[in-house]
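So you can see what is in the structure, the chains are spelled out below.
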Amino acid sequence: MYLNKPILAFRQNVTDKYTIYNSLFAALPFSGIANVGALLPILLQSCVDGYQSGKSPIEIIQDFFNRHVQLSNESEQLDRLFKFVQYIERQVVLFDAIEDAAFDSVHHLNGTGSLKALYNEAYFKGKLPLLKEKLSQFKVRVVLTAHPTQFYPGSVLGIIHDLGEAIAKNDFETINLYIQQLGITPFFNKKQPTPLDEAVNLMWYLENILYQSIGNIYNFVHNEILEGEKETNNPLIELGFWPGGDRDGNPFVNASTTLKIADSLRSAIIVCYYRDIRKLKRRLTFSGVDMLVTKLEAQLYENVFRPEESKRIHQKELLEKLQEIKDLMIKNHHSLYINRVNSLINKVKVFGTWFASLDIRQDSRIHTAVIKNIDATLKQKNQQGILPNDYDTLSEEEKINSLLGIEKVIDINDTSTEIAKDTVESIFAINSIQQINGEQGCHRYIISNCQSALNMMEVFTLFKLCGWNTEELSVDIVPLFETIDDLKEAEQIMQWLYQMPTYSKHLQARAKSQTIMLGFSDGTKDGGYLQANWSIYTAKEKLTAISRQHGIKVKFFDGRGGPPSRGGGKTNKFYASLGNNIENEEIQLTIQGQTITSNFGTLKSAQYNLEQLLSAGISNTVFAENRIELSTKHRSLLEELGGISHQVYQSFKKHPQFLTYMQQFSPLNYYNKSNIGSRPGKRGNSDKLVFEDLRAIPFVGSWSQLKQNVPGYFGVGSALQALKNSGRWEEVKSLFNEVAFFRTLIDNSMMSMLKSFFPLTAHIEHDSLFGPVWRMIKSEYDLTHSLVLELSGNKVLMEQDEPGRDSILMRDKIVLPLLTIQQYALQQLKNEELTEELKTNYEKLITRSMFGIINAARNSA
């Protein structure tokens, strides 16, 4: 039940309950638990007092052991620190479950941004016809990725879900049982998960959360807003899926994996339908109807448990059978329980027999190499190759013309490297998936590191080589533009493609639509927070303009991570702030790791966050008069701010100790040892770490665990200060007050800063080699902190979101001992006299400490 003052609800339903239930841990009847529970508050206070007095993590831990725990040797101290880590991990789980249970008391589910609020506003402003028209066209596509930012294994996710439900009911006895279960449940994967493991974990959310919440939204829109006035094929919300399809830098994903996961997705949705039919069967006991339901139940059962022996059911057939049941109920049985049948029909319209659409993704450089490998293999077999001998010397246009002239169809034996074989097999796999799950089951091929029109046409050519009819190609070829330079070139690349007759004909067959993916993560890593976001905004405007000129409907697919530095934070506010110059037919975005858990971990939170996204996109059109478009002056200011921040960030990146600093003081080198994801932490096989090969997740995640969060604000303060020094502060304040896009950037930057804690690493200031780096970061943080508060008129960071602020501060307090232990272990490893056994144990301690820290942050990477 929502309370008018969210902060009071948070403190009553989260803070107070955590205090009560946390005490249950100390009473667990397991070895050493009571002692750890008694000592942990003392360690926490030692950390608080120690940092206030300027102590380092080593000094705090050593002082704690000297004063409070008399242990005979270093090995015993390490054992005790591991017990603290295990205890804190479970405290984080408890806090997650309590916060999930309190969701509807802290958030107004029918308030601003909900579909009910959207309907009411449209009704009172006389905009209902426009709202209904927009709902028949607009949709949100949420793409679940397997990127490793989730440290909870599947068993723990289940406990969080069940514990949250028990807490919501104040079922003390059951809560106590679940807490005991937590005490003896492992919190880490003993081996690296496979892509199939990752897919199975994510399917839990599909089956248990998103199936129901998306169904609820679809029902509400059709029953309460459209009121059955018009039939529409618009699903409103679509699901995408990357585990098993995302090959970029992941050698463990292959065509066999892709096919297995597509089959698992089909089985999962058929199981959901089967369960619903079983429930309907108890109500639809009417003459004639009961026989139809029984037959459909049997057919679904066969499709799930004996798929090889049974005739595979497809969306069209399933809808026809449900319609037959519905028609008979209307004709002979007074439409009793008709809404339940309609609800299932709606779900089948949304999820079909694919549940979520598998995206295939691969790096453009791989496609180049595959085409050359096919050519070389054919020539080695004394057959005619597909490329001219001087291909490498040709211009881009000449290379494209050469590719367009290829007529040959190949088989798998026309490749000679593993990566070439898998690339070809993956294209064959797309066809198989479309035959079994339906075209929606797999219809997008994403090109990472796309830098030219040639990169797009290479993929087009590969489909042609694999026997696809490219005049009716049922696959969207999606470029991914990531770096600042790529974003600048994107307009010219798409202009070239739109003017090319062959590609233009392909787009005609794809309903004159083109999906373009933009990477927030690598954009920020490459160009800094302000510049990356502004570059993506302007790239969208230019791509919209060029697409409209050619009669193409462009759809933007945003590669977003959890934190603001990777395009996360208050995501719905970004979409609500976009102007008419950016195409607004769809919102497409990636959701990954912790963000899946925090935003879609329960039915209420999933439905709330999906409605916020839908409402943000729809409001932009329906209530266009409320939006202030960017003026020439606004653009000039944003361009200048972005440029200054970019220069400052680039200067910092070029510091000779930039990467070494991260390796020395953060757990950057330990991501691959954590067994949280199947994908390696960096691209390439080189032993030496190169910035370009470093993936965005370990990059951003390491800054988060250092509690410095550099990618979320660095350069912002310097840019603001430069304009203030030139006497233009009032212009910046007007920009903040008038432009929602800029205001959202600053608000999200505040979240990054609130999650920072520099006393943890203050000891680095006095290091002769790395002290200058630490001071550079701290100086930029202090400057940004001061100026964003002055700009917003706030006294503290995130002042306008008190529950969010309290949640962050509470989580940071819980893991403060964990952060201290991690830094202590990192410092201890610098001791050259450590035995191999101690060194190994300290490395394990660092890796293990990552779990709780990342989980507590909820959107750290």
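## Quick word on the nonpolar core
Formed by 261 residues in total, the largest nonpolar core has its most connected members in L206, F241, Y273, Y661, W703, L720 and F742. A per-element tally of this core places helix 10 (residues 195-225) first, with 14 residues. Residue contacts for F241: discarding those within four places in its chain leaves V143, L144, A199, L202, M203, L206, I261, L265, A356, S357, L358 and D359. Judged by nonpolar contacts, the second largest core, of 7 residues, contains I446, V478, M517 and F557.

## Section: the sheet that holds strand 6 (residues 513-519)
With parallel pairing, 8 strands are arranged side by side around a closed barrel as 1-2-3-4-5-6-7-8. Within this sheet the neighbouring strands show an average axis-to-axis angle of 25 degrees, counted without direction. Where strand 1 (residues 139-145) and strand 8 (residues 586-592) come together, 7 bridges link them in parallel fashion. By the bridge assignment for strand 8, K139 is matched with E586.

## Quick notes on the packing of aromatic side chains
The tally for this structure, following the rule as stated, stands at 35 aromatic pairs. Where Y18 meets F95, the ring centres are 5.6 Å apart and the plane angle is 75 degrees; that geometry is what we call edge-to-face. Of this pair, Y18 sits in helix 1 (residues 6-22) while F95 sits in helix 4 (residues 74-101), and the two are 77 residues apart along the sequence. For F95, a relative accessible area of 1% translates into the label buried. With a centroid separation of 6.3 Å and 75 degrees between ring planes, the pair formed by Y211 and F355 is classed as edge-to-face.

## Points about helix 31 (residues 740-754)
Each α-helix turn comprises 3.6 residues. Residues three or four places apart therefore point the same way. Over its 15 residues, helix 31 runs 21 Å from end to end, which matches the ideal 21 Å to within 8%, given 1.5 Å per residue. In terms of burial, helix 31 is a largely internal element, 12 of the 15 residues being buried. Here helix 31 has its buried residues at F741, F742, T744, L745, I746, N748, S749, M750, M751, S752, M753 and L754.

## Quick word on the side chain of S666
Position of S666 among the secondary structure elements: in the loop between helix 27 (658-665) and helix 28 (696-705). A distance of 2.5 Å separates a polar atom in the side chain of S666 from the backbone oxygen of M662. Setting aside residues up to four positions removed in sequence, S666 forms contacts with Y661, S702, L706 and L826.

## A few points about the pattern of salt bridges
A full pass over the atoms with the stated rule returns 46 salt bridges. Two residues, K372 and D392, come together in a salt bridge whose shortest N-O distance is 2.9 Å. Within this pair, whereas K372 is found in helix 15 (residues 364-380), its partner D392 is found in the loop between helix 15 and helix 16 (396-404), the two being separated by 20 residues in sequence. On the basis of relative accessibility, which here comes to 35%, the residue K372 falls in the partly exposed class. Of the charged contacts in the structure, one is a salt bridge between D476 and R510, with a shortest N-O distance of 2.8 Å. Here the residue D476 occupies a position in strand 5 (residues 476-481), and R510 occupies one in the loop between helix 20 (501-509) and strand 6, the gap between them amounting to 34 residues.

## Topic: the confidence of the model for the protein
A low pLDDT score tells you not to read the predicted coordinates there in detail. Summing up the model confidence of the protein, the mean pLDDT is 90 and the portion of residues at 70 or higher is 92%. When pLDDT is averaged over each element of the protein, helix 18 (residues 453-465) comes out on top at 98 and helix 21 (residues 520-527) at the bottom at 71. Scored below 50 in pLDDT, residues 677-682 makes 33 contacts in the model with residues more than four places away or belonging to other chains.

## Points about the environment of P235
Inspection of the secondary structure assignment puts P235 in the loop between helix 10 and strand 2 (237-241). A relative accessible area of 9% places P235 in the buried class. Between the C-alpha atom of P235 and that of N581, which follows or precedes it by 346 residues, the distance is 25 Å. Setting aside anything within four residues of it in sequence, one finds P235 in contact with K139, Y218 and V350.

## Here we look at the pairing of strand 2
The buried fraction of strand 2 is high, at 5 of 5 residues. Burial along strand 2 is two-sided: I237, L239 and F241 and E238 and G240, pointing in opposite directions, are all buried. Alignment of strand 1 against strand 2, held across 5 bridges, turns out to be parallel. Residue pairing for strand 2: L144 is matched across the bridge by F241. As paired elements, strand 2 and strand 3 (residues 357-363) share 2 bridges and run parallel to each other.

## Focus: a negative patch on the surface
On the surface, D390, E396, E397 and E398 cluster together into a patch of negative charge. When you line up the elements, D390 lands in the loop between helix 15 and helix 16. Judged by its relative accessible area of 41%, D390 falls in the partly exposed class.

## Observations regarding the packing of helix 4 against helix 8 (residues 154-168)
Between helix 4 and helix 8, the least distance of the axes is 8 Å, while the angle of their chain directions is 50 degrees. One finds that helix 4 runs oblique with respect to helix 8. Once helix 4 is placed against helix 8, the crossing between them reads as right-handed. Only V156, I160, L163, G164, I167 and A168 of helix 8 make contact with helix 4, whose side of the interface consists of V93, L94, D96, A97, I98, D100 and A101.

What counts, and where the lines are drawn
Residues numbered from 1 in each chain as written. Predicted model: local features only at pLDDT ≥ 70, side-chain atom pairs only at ≥ 80, totals over all residues. Heavy atoms only, no water. Core = buried A, V, L, I, M, F, W, Y, C linked by side-chain atoms within 4.5 Å. Buried < 20%, exposed > 50% of the residue type's maximum accessible area, 1.4 Å probe, protein only. Helix = DSSP H or I, 4+ residues; strand = E, 2+ residues; numbered from the N terminus. Contact = heavy atoms within 4.5 Å. Pairing = 2+ DSSP bridges. Axes fitted to C-alpha atoms, helices over the stretch in contact; angles between N-to-C directions. Phe/Tyr/Trp six-rings, centres within 6.5 Å; stacked < 30°, edge-to-face > 60°. Expected span 1.5 Å × (residues − 1). Polar contact = N/O pair within 3.5 Å; in protein donor to acceptor, adjacent residues only side chain to side chain. Salt bridge = Lys/Arg side-chain N within 4 Å of Asp/Glu carboxyl O. pLDDT = per-residue confidence, 0-100. Patch = residues over 30% accessible without salt bridge, like charges linked within 9 Å, V, L, I, M, F, W, Y side chains within 5 Å. Areas by Shrake-Rupley, 256 points an atom, 1.4 Å probe, with all protein chains shown as cover. Lys, Arg positive; Asp, Glu negative; His and termini not counted. Charge placed at Lys NZ, Arg CZ, Asp CG, Glu CD. Parallel < 35°, antiparallel > 145°, perpendicular 65-115°, else oblique. Left-handed = near helix turned anticlockwise from the far one by under 90°.

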